[in-house]
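# Structure at a glance
Chain residues, written in single-letter form:
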There are 4 protein chains.
Amino acid sequence: MDRKAPDAARRSERSRRAIFEAALSLVGEVGYQRLTVEGIAARAGVGKQTIYRWWPSKADVLLDAFTADADVEGYAAGLPDSGDLAADLKAVLRATVDEFRDPAFQAPYRALAAAGAADEQLSARFVERLLEPGMRAYVERLRAAQEAGEIAAWVDPRIAAEMVLSPFSQRWLMRTGELTYSFTDSLVDTALAGFRPRPS
Amino acid sequence: MDRKAPDAARRSERSRRAIFEAALSLVGEVGYQRLTVEGIAARAGVGKQTIYRWWPSKADVLLDAFTADADVEGYAAGLPDSGDLAADLKAVLRATVDEFRDPAFQAPYRALAAAGAADEQLSARFVERLLEPGMRAYVERLRAAQEAGEIAAWVDPRIAAEMVLSPFSQRWLMRTGELTYSFTDSLVDTALAGFRPRPS
Amino acid sequence: MDRKAPDAARRSERSRRAIFEAALSLVGEVGYQRLTVEGIAARAGVGKQTIYRWWPSKADVLLDAFTADADVEGYAAGLPDSGDLAADLKAVLRATVDEFRDPAFQAPYRALAAAGAADEQLSARFVERLLEPGMRAYVERLRAAQEAGEIAAWVDPRIAAEMVLSPFSQRWLMRTGELTYSFTDSLVDTALAGFRPRPS
Amino acid sequence: MDRKAPDAARRSERSRRAIFEAALSLVGEVGYQRLTVEGIAARAGVGKQTIYRWWPSKADVLLDAFTADADVEGYAAGLPDSGDLAADLKAVLRATVDEFRDPAFQAPYRALAAAGAADEQLSARFVERLLEPGMRAYVERLRAAQEAGEIAAWVDPRIAAEMVLSPFSQRWLMRTGELTYSFTDSLVDTALAGFRPRPS
DNA sequence: GCTTAAGCGAGACGGTACGTCCGGTCTTAGA
DNA sequence: TCTAAGACCGGACGTACCGTCTCGCTTAAGC
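Residues numbered from 1 in each chain as written. Chains lettered and ligands numbered in written order. Predicted model: local features only at pLDDT ≥ 70, side-chain atom pairs only at ≥ 80, totals over all residues. Heavy atoms only, no water.

### With respect to the interface of chain C and chain D
Defined as follows: By definition, residues are in contact when any of their heavy atoms lie within 4.5 Å. Note on definitions: buried area is the accessible-area loss of two parts on being combined, 1.4 Å probe, summed for both. Criterion for a salt bridge: a side-chain nitrogen of Lys or Arg within 4 Å of a carboxyl oxygen of Asp or Glu. Think of a polar contact as two N or O atoms within 3.5 Å of one another; within protein, one of them needs to be a possible hydrogen donor and the other a possible acceptor, and neighboring residues in sequence only count if both atoms come from side chains. Helix and strand definitions here come from DSSP, where helices need a minimum of 4 consecutive H or I residues and strands a minimum of 2 consecutive E residues; each element is numbered from the N-terminal end.
Facing the 37 residues of chain C at the interface are 37 residues of chain D. When chain C packs against chain D, the two sides together hide about 3,300 Å² of surface, and 65% of this comes from carbon and sulfur. Remark: the boundary between chain C and chain D carries 2 salt bridges. Between Glu162 of chain C and Arg171 of chain D there is a salt bridge; the shortest N-O distance is 2.8 Å. Linking chain C with chain D are 10 residue pairs in polar contact (both at pLDDT 80 or more), by the criterion used here. If you tally residues by element for the side of chain C that touches chain D, the top one is helix α8 (residues 157–174) of chain C, at 11 residues.

### Regarding the protein's contact with DNA strand E
Threshold: We call a residue near a molecule or strand as soon as one heavy atom of that residue lies within 4 Å of the molecule or strand.
As a structural note, the neighbourhood of DNA strand E is formed by 39 residues, with Lys48 and Gln49 of chain A, Tyr52 of chain C together with Asp7 and Ser12 of chain D the closest of them. For DNA strand E, the fraction of protein-proximal atoms (within 4 Å) that sit in sugar or phosphate groups is 60%. In this structure, a phosphate oxygen belonging to DNA strand E sits 2.5 Å away from a main-chain N or O atom of Asp7 of chain D. Separating a phosphate oxygen of DNA strand E from a side-chain N or O atom of Ser15 of chain D is a distance of 3.0 Å.

### A closer look at the arrangement of the chains
Across all C-alpha pairs, the smallest distance from chain A to chain C is 14 Å, and the two are not in contact. A minimum C-alpha distance of 32 Å separates chain A and chain D, which share no contact.

### Concerning the UniProt feature "DNA-binding region" (unreviewed entry) in chain A
Short version of the rule: UniProt positions are given in the numbering used here, feature names are shortened, and annotations may be inferred rather than shown by experiment.
Under the UniProt annotation, "DNA-binding region" (unreviewed entry) lies at residues 36–55 of chain A. Regarding residues 36–55 of chain A, the helix share stands at 75% and the strand share at 0%, and the terminal C-alpha atoms are separated by 13 Å.

### A look at the packing of helix α5 (residues 85–101) of chain C against helix α7 (residues 120–147) of chain C
Residues and elements named next belong to chain C. Definition in use: Under this scheme, a helix contributes an axis fitted over its contacting stretch, all axes are lines through C-alpha atoms, and angles between N-to-C directions fall in the 0 to 180 degree range. An angle counts as roughly parallel when it lies under 35 degrees, as roughly antiparallel when it exceeds 145, as roughly perpendicular when it falls between 65 and 115, and as oblique in every other case. Working rule for handedness: look at the near helix, and if it is turned counterclockwise from the far one by less than a right angle, call the crossing left-handed; if clockwise, right-handed. Amino acids are sorted into nonpolar (Ala, Val, Leu, Ile, Met, Phe, Trp, Tyr, Cys and Pro), charged (Asp, Glu, Lys and Arg) and polar (every other residue, Gly among them).
In the contact formed by α5 and α7, the axes pass within 11 Å of each other and the chain directions differ by 165°. Relative to α7, the element α5 lies roughly antiparallel. Crossing of α5 over α7 shows right-handed handedness. On the side of α5, the interface is formed by Leu85, Asp88, Leu89, Val92, Leu93 and Thr96, while α7 contributes Tyr138, Arg141, Leu142 and Ala145. When grouped by side-chain class, the residues that make up the contact of α5 with α7 number 7 nonpolar, 1 polar and 2 charged.

Dropping the structure here:
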C-alpha cells in the first residue's frame, strides 16, 4: 500500500548501479553511521528522490548493493562434499575467515548486521538473504554426513551447524576474540568429536 | 587528551541517576535509533551539556545506565555448581532465555550490541563490561567440571563455552531462530555429549 | 565566495513573506535582543535552514523585512515643494515625529540602527537603504530652495541637511531628548535663520 | 530590592581593575557581540559570580570600565573660552575627531552607544554619564558666547549645541560620512553664520 | 588572636539559541 | 514519466554562554 508503485520498467539501470557503487564505497570510507542518503546521491550523481523512490532506507540500499555484488558468490552450490566432513568444514571456515578479513567485504556486511540487530524489519531480510542460505548449506552438508554415517543419528543438524558457525559469527560481530584458522579448526574438531557415532 | 577534564568530585549524583533512568525508559519506548541526547536531557530535567560533559555519545550513556543497574546482578558469583553440569547449564540458560525476553532488559542490551557491532571503540567496552564476565563464568564452570572428571581433558573450555553460548546469542541478536527452553536444552545436551570422557 | 549559491528562481515566496511577518511582529513583541532565528522560523512555520539559506543573520532578515514593507513608502518622490521651505520641512519633520512614535515602526528601525552601529558591514546596507535616501531627499529640497534664492549660495546643502536631521535622529536613537513638534520646528527655524541670504 | 546587597567594603579592588582591563581589551579584540561575561572572567582570572555580584550585564561592566578610565578626561572643566567662539569650537571638535579615530577609545564607546540604542535602561545611564556632560559643556560655552554678544539672543543654546554636535555623532555612529577636520569646521562655520546677531 | 562570615576562583548546573547536517517530501526543468 | 537538482519543513546535533548554584579557600572585622 505504498503511495504509488513506480514503474520498474522505466528504471534507470545506470543510476541503480551508480547508487550501489556509491553506497559500497562510502560505507567503507566513512562507516555506516555517517553514511547518508544525501552522500550516496551526491557521489552517484543522482537525485535523492531517485533513491527514496526505490528503497525505504539507507540500510535497504546497502542490502541490495551488497547482494547484487555477492549473490553469485553464494552458497547456492552448497558446501563441498569430499567425503571427509572435518576437512570440508575446516576448508570452508578458513575461506570464510579470509573473507571476513577483507575490508571491502567486511564494512557493508558489518553495517548490515548491526542495522539488522537494531531493526527487526531489516533483520528479517538480512537473515533471509544472507545468513540463512549459508546456514542451510552447513545444515545440508551435516545431514549428508549423517546419512553417510559420519555423524550420530541423534544429532540435530541445525543445532550442530549453529554450534560450529555461531561462535565464529559472534567473535567477528562482537569482536570477542580473534578469527584464526586455529580457532575455526578447533571448533570443527571439538564439535565433530561429540557427534561421532558411539560404540555403546 | 580531552579539552578539559571536568571535576568528578562536584558531579551531581541526582543528575546522573535521572539521566540513567531517562535513557533506559526512552530506549524502551522509542528504540535506539530514535533515542536522542536531547530527549534524554529533557526527560531527565537536565541540560544537554551535563550529558556531553560526562559521556561522549548516547551509546556510552546507555552502557553506563545499563551496567549501573545491572552490575551487581551479574555473574560475579559465577555459575551454580551442583555437581551436575548439564543441569546447571540448562538452568542458567533457561533463566537467560527469560531475561532476554524481558523488554526492559532487551531494549538497551540490544541497542548496545548493535551499536557495538558498528563501533569498534564501543564494542571493546561492551565486551569487557557485559559479554566477557558472562563468558568467563561459563568457562570457569566448565573448567571445574573438567577437574571433576565430567568433561574430557582434551576439551578447551573456552571453545566449549562459546559452542554453548554463541548459538544462543546469535539467534537472539540476529533473530535467526526462536529462543526456547528446548533449544537451550538441546544445545547443552548436544555439546556435553561430545565432551564426556570416552572409555576407549 | 559562499559555499554554494542557492537557486533564487526556486525560492518560496510564501516562506519569504511569512519570515518577514514573523520577524517584524516578533521584534515588536520581544525586542531585538530576544529576537531569535529559531523564533522567527517557528512563527513563520519554516525550517531554520530556509532562513540561513537566504540571510546571514537575523539583522539581515529584519533589514529586508523592514524595507520590503517600507520601500514604496519612501522618499522616492522627494520632499514636498510648496515654495515655502520652512513650512515644507516642518511638515515633513512633524510627520517623521509621528512615525517614530509608532511602535510598529520604531521597534525594527531601532533594532537595525543599533545593530548597524555595532556592525560595520550591516551599517553600510542600513545607511544605503534607509538613511541615505531620506537624507538625499532633504539635500535636494535644500538645493532647490537654494536655486530659488531662499538659501544663501555659500551654504552646503549636505551640511545644512545634516544640521536639521541629525539632531532629530540623535535624540531619538540615544534618547537624549524629547521628540516634539516644537523641537523640530525650532530646528527648522534656527537652521533657516542662518541660511537666509543676507543683505550685507 | 536586590536579593542581598554585597558588602562593598570587602570588595576586591584587584578583581575590579582586572575585570575592567579584561573588558576593555576584549571588546577591542572581538567586538561587543562576541564579548562575553565568561570571556571577561577568564581573562581577568576571576569567577563569573564576581562579575554578576557587582554588575547586572556586560554592558554595565563596560560602562564602568570605560568611565573609570575616562572620567577625569572629561568635560568637567568645560570647553575652552578664548573669546573666539568659532576657534574654540573648531579646536574642540578637531580633538574629538582625533579621539573617535583611536580604536582603543572607539571600540568600547561604540559598543555602549549601540547597546544603549537597543536598551532603554542602559541608554539612560550612558546618556547621563557620557553624552550629557559633553553636551552640557557645549551648551554652556554657547550661553557664554550669547552673553558676550557673539550669538543672537533668540538662539536656544541647547538647539544650537545639538546642531553642531549631532551631525558629528550621527556620522560617526551610523557611519554616514567621513569625520574630517573640514567637516567639523564647516559645521561650526555654517551654524555660527546663522547665529550671529543681525543688524535688521 | 580567633572566629566567622563574606568575597573570592572555580566550575557544574538547567537552560536557550546557535549554525549545521540530514531525513524524507515536494517542485521544477530537461530528456 | 523518470530523472537530476535542490528547496522545503522538521528535528537533532554538539557548542557556546547565560545567569544561578555550590564548593573550598582566603581574608578582613568584630569579638
